[in-house]
Amino acid sequence: MGISYTPNQVTVACGAKEALFLAFLAICNEGDEVIIPAPYWVSYVDQVRLAGATPIIIETDETTGFKPTVEQVASHLTPRTRAVVLNSPNNPTGAVYDNDELRTLAETLRRSDAVIISDEIYDAICYREYPRFLRVTPDLANRTLIVNGASKTFAMTGWRIGYIAGPEPIIKAIRTIQSHSTTHPTSIAQYAAVVAYTPSEEMDRVIEERVHTFLERRAVILDALNNIEGVRCVVPDGAFYVFPNVSGLLNRPLRGGTVCQTSSDLATYLLEHAHIGVVMGEAFGAPGFLRLSYAQGTESIVEGMRRFAEAVSE
Ligand SMILES: Cc1ncc(COP(=O)(O)O)c(C=O)c1O
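Residues numbered from 1 in each chain as written. Predicted model: local features only at pLDDT ≥ 70, side-chain atom pairs only at ≥ 80, totals over all residues.

(A) Local environment of the site of the ligand. Around the ligand lies a shell formed by Gly15, Ala16, Lys17, Trp41, Asn87, Asn91, Asp119, Ile121, Gly149, Ser151, Thr157 and Gly162. Here the element with the most residues in the shell around the ligand is helix H1 (residues 15-27); it accounts for three residues. Of the residues contributing to the shell around the ligand, the split by class is three nonpolar, seven polar and two charged. (Near = placed C-beta within 6 Å. Helix = DSSP H or I, 4+ residues; strand = E, 2+ residues; numbered from the N terminus. Nonpolar A, V, L, I, M, F, W, Y, C, P; charged D, E, K, R; others polar.)

Right under this line is the structure:
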């Protein structure tokens, strides 16, 4: 990724999930605040709470492409802010910060002494050039933690390999906590990850093909969603999710007269009546939305969307 680290500045963990949890445990004390823009990946909030700190949520919506404005970030920074989480490409929205947005965010973050936790786990699944936080803001390297892993890039989710890179004192604290919990991911999985991470033209080709396939599926699922009355969906720039606004389907009779009041009700309704699995926006701090994954074959997506459309027709 064009940024160099010494071995003492990197730790391998049991997935990016463990890396993030260890980071919150290492840096947070009771009373600390951690800024998390919503919609957010489900585990950040609970991990911060488990570390004894308070999650401070910044709400965003489609009008800013699900990205917090610099004014929002500035107004949530306090002397108690211990960390700010950035996740680009984002799960669930697929939002990607561009270089200018990262530069402006960095100007604000420079005025605090918060640690920046940059979760870049979907960096290889990006449908435009991927702007990397530390490339834009190398001067913040001394308080930026980069989180990444093998789960998404190499579809190695079950192998549980993630990593975190950053300032040596924080990585040292992370290793101490890890040594009293999981010790380290299995050596077997680590050797498998070495193969995955060893640069090769073949691997580059495989990743490129996957991104191309995701791009085709994204078009299929967006087209289907935007043809459903009451649903609108922005185009995600990365990851393999769409995050449609479904508020137009709430509080009105669906097929068979069912009325859903929340996106959580709608997710349950779709599971029970259409037998399709979607995740309610509430899980990501964004009621009124659903998250759909297109990490499925195109046939399944087409069939799933047919059932979705049918189930929500009046
Ligand atoms: C944004 C984000 N961060 C971290 C993770 C954790 O990934 P893993 O623990 O599989 O490496 C996920 C998994 O879905 C994710 O979506």
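We are not done yet, so read on.
(B) Layout of the nonpolar core. Core analysis: the biggest nonpolar cluster contains 83 residues, and Ala19, Ala23, Phe24, Val34, Val85, Val147 and Ile164 have the highest contact counts within it. If you count residues domain by domain, this core takes at least three from each of domain 1 (7-197) and domain 2 (202-312). For Phe24, the contacting residues outside a window of four places in its chain are Val34, Gln47, Val48, Ala51 and Ala53. Ranked by size, the runner-up nonpolar core spans five residues in total, among them Ala150, Phe154, Trp159 and Ile161. (Core = buried A, V, L, I, M, F, W, Y, C linked by C-beta atoms within 7 Å. Buried ≥ 20, exposed ≤ 12 C-beta atoms within 10 Å, placed from the backbone. Domains from an automatic or database assignment. Contact = placed C-beta atoms within 7 Å.)

(C) Quick peek at the domain arrangement of the protein. Along its sequence, the protein is carved into domain 1 (7-197) and domain 2 (202-312). Each of domain 1 and domain 2 has a C-alpha centre, and these two points are 26 Å apart. Listed per partner, the contact involves 22 residues of domain 1 and 18 residues of domain 2. Considering only residue class, the side of domain 1 that touches domain 2 consists of 14 nonpolar, six polar and two charged.

(D) Seen up close, the pairing of strand E10 (residues 290-293). Pairing analysis gives two bridges linking strand E8 (residues 241-242) to E10, with the strands arranged antiparallel. Residue Val242 lies in a different strand from E10, and its bridge partner there is Leu292. With two bridges connecting them, strand E9 (residues 279-280) and E10 associate as antiparallel partners. Across the sheet, Val279 pairs through a bridge with Arg291, a residue of E10. (Pairing = 2+ DSSP bridges.)

(E) Structural context of the sheet that holds E8. With antiparallel pairing, the three strands of this open sheet are ordered in space as E8-E10-E9. The open sheet has two free edges, formed respectively by E8 and E9, since each of these has just one partner strand.

(F) Structural context of the packing of H1 against helix H7 (residues 168-179). The interhelical angle for the contact between H1 and H7, taken along N-to-C directions, is 110°, at an axis separation of 9 Å. It follows from the interaxial angle that H1 and H7 lie roughly perpendicular. Between H1 and H7, the residues in contact are Leu22, Ala23, Leu25, Ala26 and Ile27 and Ile170, Ala173, Ile174, Ile177 and Gln178, respectively. Per-class residue counts for the contact of H1 with H7 are nine nonpolar, one polar and no charged. (Axes fitted to C-alpha atoms, helices over the stretch in contact; angles between N-to-C directions. Parallel < 35°, antiparallel > 145°, perpendicular 65-115°, else oblique.)

(G) Region of interest: helix H11 (residues 298-312). For H11, built from 15 residues, the straight-helix expectation of 21 Å at 1.5 Å per residue is met to within 8% by its first-to-last C-alpha distance of 21 Å. Looking only at H11, the buried set comprises Gly304, Met305, Phe308, Ala311 and Val312. End-on, the buried residues of H11 take up no more than an arc of 125°, which puts them together on one face. Away from its buried face by more than 90 degrees, H11 exposes Glu299 and Glu310. Looking at the buried side of H11, the elements it contacts are helix H9 (201-226) and helix H10 (263-274). (Expected span 1.5 Å × (residues − 1). Arc of directions from axis to C-beta.)

(H) Fine view of the sheet that holds strand E5 (residues 115-119). The strand order across the open sheet built from seven strands is E1-E7-E6-E5-E4-E2-E3, with neighbouring strands paired in mixed fashion. Either end of the sheet is taken by a strand with one partner, and the two such strands are strand E1 (10-13) and strand E3 (54-59). Adjacent strand axes in the sheet meet at a mean angle of 20°, parallel and antiparallel pairs treated alike. In the sheet, strand E2 (residues 33-38) pairs with E3 via six bridges, with the strands oriented parallel. Within E3, the residue paired with Pro37 across the bridge is Ile58. Strands in contact with H1 are E1, E2, strand E4 (81-87), E5, strand E6 (144-149) and strand E7 (162-165); relative to E7, the strand with the most contacts, it is inclined by about 35°.

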